[in-house]
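Summary of structural features
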Amino acid sequence: MKGDSPKLICFSCKFGWGYLDTDIYKSQLKDIIPVTCSGTIDATHIMDAFKNGADGVLVLGCSDKACHFQTGNDQTRKRILMLRKILQEFGIDPLRLQFMFNVDPEGKQIPAVIEKTKQLLKNLGPLRPAL
Amino acid sequence: MWKTVNKVESLVEPAIVQYLPPCQKKCPINEDIQRTNVLLSLLPEDPKEAREGLIQIGDYLFDNNPLFPICGYVCGICELECNYTTKGGAIRRRLLKRFVSDHYLDYLDSKKEFDIVKNREKVAVIGGGPGGLMCAFHLSKRGYKVTLFEATNRLGGALWLIPHYRLPKLVLQRVIENIVRIAGIEIQYNAKIGEGKWSLEKLRKAGYKSIFLAKGTPAPRMLLFGLQIVENQDLEGVFYGQTFLYEISRGILVKDYLGGKKVIVIGGGNVAFDVARSARRLGGDVTVVALECEDKKSKDGIPADHEEIQGAWEEGIKIVYSRGVSKILGKNGQFEGIVSPKCTRVFNEQGRFYPEFDLNDTVTFHGDILIITIGQIPDMDFLKKEGLLNERHQLAVDPLTLQSANKDWVFIGGDVRRIGYMVDAMREGQEAAESIDRYLRGLDLKKGRKKEYIATDLPQLKDAFFKSEPDVTWLPPEKRLHFQMFEKGFTLPEAIEEAKRCLCCGPCTSCRACVSVGLQEDLPKVIVHETICSGCGICVSACHYGAAQLKQIGQHLISSTDVLKCKACGMCLSACPAGARELTGQDLKKRILEICASA
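Everything numeric in this text was worked out from a predicted model, so none of it was measured. (Residues numbered from 1 in each chain as written. Chains lettered and ligands numbered in written order. Predicted model: local features only at pLDDT ≥ 70, side-chain atom pairs only at ≥ 80, totals over all residues.)

1. A look at the overall build of chain A
The test is simple: Under the scheme used here, helices are H or I runs from DSSP no shorter than 4 residues and strands are E runs no shorter than 2 residues, and both carry numbers assigned from the N terminus.
Helix and strand counts for chain A stand at four helices and four strands. For chain A, the α and β elements follow one another from N to C terminus as β-α-β-α-β-α-β-α.

Written as structure tokens, this is what we have:
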């Protein structure tokens, strides 16, 4: 966390979020990582983010049964719920790993969702307080 | 002396094998069905913005298949092979296409003509049905000066015989008018080739370098019993189905024409059901007598579509299965009834049409009108006169190139060659256009033409995943006994929902919908780092599409990806415990580091 703004890594599924207005990724939201399917996001990616200084991770996937690749979102949901338990063991608040499964072709909700998650992270404080 | 003959047939061709979704494999013109479905599923919910998208989808379809708005009403054979059929009902692709069609037609009227320089040879297309139109369209697009010779005063051929409750007249008219206008095809109406001043040779002398003959099947098939023609087919009150439908399309037979009359329809095909349902709409009390049995799955099962049979039954049409006609009864020149023996077998062991009857089990059906709808035949006299038959009195034509064996500048296709669905004729038109193009450019007619497609399997998913098909809305039977459409089309949300149900079983290379909407820059690929892979096989169980496979290299098992089946979803990447798999163009680790390092 630098200053007041928490560092958030956001993965978003290309088939569910903001595909109608791809500019939203390019202009407004620089810190967003579009992926082919949320099912491609691995536990190591999320851990990498935390390891490299992120205060939180947000995964945007498709709503139930709407995955273009059939069950990618289900796999991610399972993975995230399990990973939250492991994060706790490491002393990381499980709430730092957030997900939202919905479909938003125009990507209008994305800035608000990110803002909301950042607010939550702000309340939790930085993951690694400055020494 | 031993020597090889370098005939075209003896040359080795490169294998052309491709995976396709089963619907696309089934479609004779291999239309990009999956692509359309994916594009529809990505449409915006706002109707105004969606309209733009629909026009683009329509334009893409029109380019290859200008008759697609008609297919959306009458075809749907792709649905027969859909992988979803056993899991809750096929994707309603026909209705999805009709949905595109309904939004595209208004735009089609204002679509600009193709910008083509017509500097190639003159080609004549004979017959204005779906085969002829398709051929003329594709040749025209390639720059040939095409003249289409139509025997009547309207284009469309047998498409006019489809009752208007299935295909609205206005849709048919508009689509055809626009094809002719947009592709710039010249039409000669009332030009019946084979009569008067017109013959193939004369056309050739008039400068037409090649001819596509798609005259269809203008003559009805006579009713036979054994090998004898059943007598009394000339009685008052006996019609042939084709003539009956033709007269309805011309507006000769109008409402209540058959009011209060008992009508018997002979035949079990879709045309017989078109006739029966049309006769019902003209006020008749209709009974269908079919040679085939009720069980569609049996070898002798009725060929008509389930929907047709169900629709007819709902409308109060009686259907008698497994009965033939041995005698037509008449009195004072007026039709009175038929004597109908039990049919014990329709096809013989070789699968040829060879019906057998039990003459001890006969019944007599009485009626006022008999409509015989057991098929059509081409104008054999014309084909003989033009010298297009072989010594066995069959059409001498190559089934792959459609080139006549007797006259190499003549190509023959459509119903005249083999009776089929509308789209079968369209395919032959398309193939003929390719053949004629190659012929006139002096290229090999056969090279690379024979393609082998393999249908992809159903993705491996749990049964609970599948969704059942949406209901099709038909007007209730008592309200649909007219010639207006009775089937309700999809609304935008319904269409998006149904398109999303598509499992997209096919490979990405034959779809590329995501790239065309800018969702992805290019199709990603999965790479396996063989030095890291331990061969555990977890990726195999993670992949729904059977693309991740294990192969043996020396003593080790190594995972690999079948590029033809892979969809690059990345599910195997996250499943791989060793991190041996990578998706091209998506380096997540690098991106994470970049973002973490940025301010």
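Text resumes after the structure shown.
2. Side note on the overall build of chain B
Spelled out, the test is: Think of it this way: build a C-beta for each residue from its backbone, and any pair within 7 Å is a contact.
Per the secondary structure count, chain B includes 18 helices and 23 strands. Here the C-alpha coordinates of chain B stretch approximately 100 × 60 × 60 Å along the principal axes. Considering only intrachain contacts with a sequence separation of at least 6, the fraction spanning at least 24 residues in chain B is 71%.

3. Quick notes on helix α3 (residues 72-89) of chain A
So the rule is basically this: What a helix should span is 1.5 Å times the count of its residues minus one.
Taking 1.5 Å of rise per residue, the 18 residues of α3(A) would be expected to cover 26 Å, and the 26 Å separating its terminal C-alpha atoms lies within 8% of that figure. Tucked into the core, α3(A) has its buried residues touching α2 (43-51), β3 (56-61) and β4 (97-101) of chain A together with α17 (571-575) of chain B. Looking one or two residues beyond α3(A), the residue adopting positive phi is A:G91, at roughly 80°.

4. A closer look at the sheet that holds strand β18 (residues 410-412) of chain B
Residues and elements named next belong to chain B. To keep it simple, the criterion reads: Pairing between strands is defined by DSSP: at least two bridges between the two strands are required. With axes taken as lines fitted to C-alpha atoms, and helix axes fitted only over the stretch in contact, angles between N-to-C directions fall between 0 and 180 degrees.
Within the open sheet, the five strands sit side by side as β4-β3-β2-β5-β18. Their pairing is parallel. The two strands at the open ends of the sheet, each matched to only one other strand, are β4 (186-188) and β18. Neighbour-to-neighbour, the strand axes of the sheet open up by a mean angle of 20°, direction not taken into account. Seen against the sheet, helix α13 (residues 422-440) touches β2 (122-126), β5 (210-213) and β18 and runs at an angle of roughly 165° to β5.

5. Quick look at the interface of chain B and chain A
With 32 residues of chain B at the interface, the matching set in chain A holds 32 residues. Residue assignment for the side of chain B that touches chain A shows that the elements contributing at least two residues are α17 and α18 (588-597) of chain B. Sorting elements by how many residues they give to the side of chain B that touches chain A places α18(B) first, with seven residues.

6. Quick look at the pairing of strand β1 (residues 8-13) of chain A
Two faces belong to every sheet, and in a regular strand the side chains alternate between them. Residue and element names in this part refer to chain A. Stated precisely, the cut-off is as follows: Exposure classification rests on a simple neighbour count of other C-beta atoms within 10 Å of a residue's own: a residue reaching 20 or more is buried, one at 12 or fewer is exposed, and one in between is partly exposed. C-beta atoms are placed from the backbone.
Counting buried residues in β1 gives six out of six residues, a clear majority hidden from the surface. Neither face of β1 is left uncovered, since the one carrying L8, C10 and S12 and the one carrying I9, F11 and C13 both have all their residues buried. Strand direction decides the pairing type here: β1 and β3, joined by five bridges, are parallel. Looking at the pairing, S12 lines up with L60 of β3. Note that β1 and strand β2 (residues 32-35) share four bridges and pair parallel. Its bridge partner being in β2, C10 is matched across the sheet by I32.

7. Observations regarding the environment of B:K565
Residue and element names in this part refer to chain B. In this structure, K565 sits in the loop between β22 (556-561) and α17. Taking the C-alpha atoms as reference points, K565 and R154, 411 residues apart in sequence, are found 46 Å from one another. Contacts of K565, omitting those with residues within four sequence positions, involve Y19, T456, P507, Y545, G546 and A547.

8. With respect to the nonpolar core
A general trend in soluble globular proteins is that nonpolar side chains are found buried together. Residues and elements named next belong to chain B. Definition in use: When buried Ala, Val, Leu, Ile, Met, Phe, Trp, Tyr and Cys residues are joined through C-beta atoms within 7 Å, the set is termed a nonpolar core.
In this structure, I70, I211, F212, V265, A276, I371 and C572 are the most contacted members of the largest nonpolar core, which totals 187 residues. Considering every element that reaches this core, the biggest residue donor is α13, with seven residues. The residues touching I211, leaving out its near neighbours within four places in the chain, are A124, I126, L200, L203, W409, V410 and F411.

9. Looking at the domain arrangement of chain B
Residue and element names in this part refer to chain B. As a reminder of what qualifies: Note that the domain bounds reflect an automated or database-derived domain assignment. In this classification, Asp, Glu, Lys and Arg are treated as charged, Ala, Val, Leu, Ile, Met, Phe, Trp, Tyr, Cys and Pro as nonpolar, and every other residue, Gly included, as polar.
Per the domain assignment, the segments making up chain B are domain 1 (17-111 + 462-507), domain 2 (122-218 + 378-440), domain 3 (220-375) and domain 4 (524-597). Each partner contributes to the interface: domain 2 provides five residues, whereas domain 3 provides eight residues. In the side of domain 2 that touches domain 3, the residues fall into five nonpolar, no polar and no charged.

10. Brief notes about the pairing of strand β11 (residues 285-289) of chain B
All names here are of chain B. Note the following rule: The handedness rule is simple: strands pointing away from the viewer, and a clockwise path from the first strand over the helix to the second, make the crossover right-handed.
Relative to β11, strand β10 (residues 262-266) runs parallel, the two sharing five bridges. By the bridge assignment, I266 is partnered in β11 with V289. On the question of chirality, the crossover connecting β10 to the parallel β11 by way of helix α10 (residues 270-281) is right-handed. By the bridge criterion, three bridges tie β11 to strand β12 (residues 318-320) in an arrangement that is parallel. Within β12, the residue paired with V289 across the bridge is V320. Remark: the β11/helix α11 (residues 306-314)/β12 crossover connection has right-handed handedness.

11. Points about the packing of helix α2 (residues 33-41) of chain B against helix α14 (residues 492-501) of chain B
Residues and elements named next belong to chain B. Note the cut-off: When describing relative orientation, an angle under 35 degrees is termed roughly parallel and one over 145 degrees roughly antiparallel, while 65 to 115 degrees is termed roughly perpendicular and anything else oblique. Here is the rule for handedness: rotate from the far helix to the near one, and if that takes an anticlockwise turn smaller than a right angle the crossing is left-handed, while a clockwise turn gives right-handed.
The N-to-C vectors of α2 and α14 enclose an angle of 130°; their axes lie 8 Å apart at closest approach. Taken as axis vectors, α2 and α14 run oblique relative to one another. Once α2 is placed against α14, the crossing between them reads as left-handed. Here N37, L40 and S41 of α2 come into contact with α14, specifically with A495, I496, A499 and K500. Its residues placed into classes, the contact of α2 with α14 shows four nonpolar, two polar and one charged.

12. Remarks on the sheet that holds β4(A)
All names here are of chain A. With parallel pairing, four strands are arranged side by side in an open sheet as β2-β1-β3-β4. On the outer flanks of this sheet lie β2 and β4, each paired with one strand and no other. Between one strand axis and the next, the sheet turns through 15° on average, direction left out of account. Relative to the sheet, helix α4 (residues 110-124) contacts β1, β3 and β4, its axis offset from that of β1 by approximately 150°.

13. Here we look at the environment of B:E49
Residue and element names in this part refer to chain B. Structurally, E49 can be placed in helix α3 (residues 47-64). Taking the number of C-beta atoms within 10 Å as the measure of exposure, E49 has 14 and is therefore partly exposed. Along the backbone, E49 and H103 are 54 residues apart, and their C-alpha atoms lie at a distance of 12 Å.

14. Describing unusual backbone geometry
Its identity as a non-glycine residue notwithstanding, B:N30 has a phi of 50°, on the positive side. Not every positive phi belongs to a glycine, and B:H393 is a case in point at roughly 65°.

15. Description of helix α7 (residues 169-183) of chain B
Under the 1.5 Å per step criterion, the end-to-end length of α7(B) is 22 Å for 15 residues, consistent within 8% with the ideal 21 Å. Close packing links the buried residues of α7(B) with α4 (68-74), α5 (93-108), α6 (130-141) and β4 of chain B.

16. Examining the packing of α2(A) against α18(B)
For the pair α2(A) and α18(B), interaxial distance at closest approach is 9 Å and the crossing angle is 20°. Overall, the two elements α2(A) and α18(B) adopt an arrangement that is roughly parallel. Crossing of α2(A) against α18(B): the hand is right-handed. Between α2(A) and α18(B), the residues in contact are A:H45, A:D48 and A:A49 and B:L588, B:K589, B:I592 and B:C596, respectively.

17. Some words on the environment of A:I41
Tracing the backbone shows A:I41 in the loop between β2 and α2. On the basis of neighbour count, A:I41 is assigned to the buried category, with 26 C-beta atoms found within 10 Å. Taking the C-alpha atoms as reference points, A:I41 and A:G72, separated by 31 residues in sequence, lie 9.4 Å from one another. Ignoring any residue separated from it by four or fewer positions in sequence, one finds A:I41 in contact with A:F11, A:V35, A:I46, A:V59, A:T76 and B:S574.

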